[in-house]
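Inside the fold
Next come the chains, spelled out residue by residue.
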Amino acid sequence: MSEPLTPEGSPEQQPLHQPGGDAEQARETVEQVISEYNTRLVAARRNPGRHTPDVVAGWRTARDQAVDDLERLESAGEDGTVQIALVYAARLKELKAT
């Protein structure tokens, strides 16, 4: 039995990392996530009773992790860049939905 054919140019055949493009896009996505968390933290300071301290602490921790991951992008290889990009694209989508 032969393997199923995949269309030329399918994601399986294309490299996940392209110099400049993926790293730049990952950086921008992580920066957007950091901005979302900063916006929420500022709002929580202005209206302290709206969110529980645990929620605010979770945002702060997640923001700090995003800052660390942004720095990690500077030296990340192709796989690391793709992994960071995927994680933060999903997180940004989640943050925008809530």
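Below or above, wherever it landed, is the structure these notes cover. (Residues numbered from 1 in each chain as written. Predicted model: local features only at pLDDT ≥ 70, side-chain atom pairs only at ≥ 80, totals over all residues. Heavy atoms only, no water.)

**Considering the nonpolar core**
- Ranked by size, the top nonpolar core spans 17 residues in total, and within it Val30, Val33, Tyr37, Trp59, Ala66, Leu73 and Tyr88 carry the most contacts.
- Contributions of two or more residues to this core are made by helix 1 (21-46), helix 2 (53-73) and helix 3 (78-97).
- No other element matches the seven residues that helix 1 contributes to this core.
- Aside from chain neighbours lying at most four places away, what touches Val30 is Ala66, Leu70, Leu73, Ile84 and Tyr88. (Core = buried A, V, L, I, M, F, W, Y, C linked by side-chain atoms within 4.5 Å. Buried < 20%, exposed > 50% of the residue type's maximum accessible area, 1.4 Å probe, protein only. Helix = DSSP H or I, 4+ residues; strand = E, 2+ residues; numbered from the N terminus. Contact = heavy atoms within 4.5 Å.)

**Quick word on the pattern of salt bridges**
- For the structure on display, the rule yields five salt bridges.
- Arg27 is paired through a salt bridge with Glu24; the nearest N and O atoms lie 2.3 Å apart. Taken together, the residues span about one helical turn, with Arg27 and Glu24 both in helix 1 at a distance of three residues.
- Note on Glu24: relative accessible area 32%, which makes it partly exposed.
- Each of Glu24, Arg27 and Glu31 takes part in a single network of salt bridges with overlapping partners. (Salt bridge = Lys/Arg side-chain N within 4 Å of Asp/Glu carboxyl O.)

**Here's the deal with helix 2**
- The end-to-end C-alpha distance of helix 2, which contains 21 residues, comes to 30 Å, matching closely the 30 Å that a straight helix rising 1.5 Å per residue would cover.
- Here helix 2 has its buried residues at Val56, Trp59, Ala62, Arg63, Ala66, Asp69, Leu70 and Leu73. In a view along the axis of helix 2, the buried residues occupy a sector of 140°, so they form one face of it. Facing away from the buried side of helix 2 by over 90 degrees, the exposed positions are Pro53, Asp54, Thr61 and Glu71. (Expected span 1.5 Å × (residues − 1). Arc of directions from axis to C-beta.)

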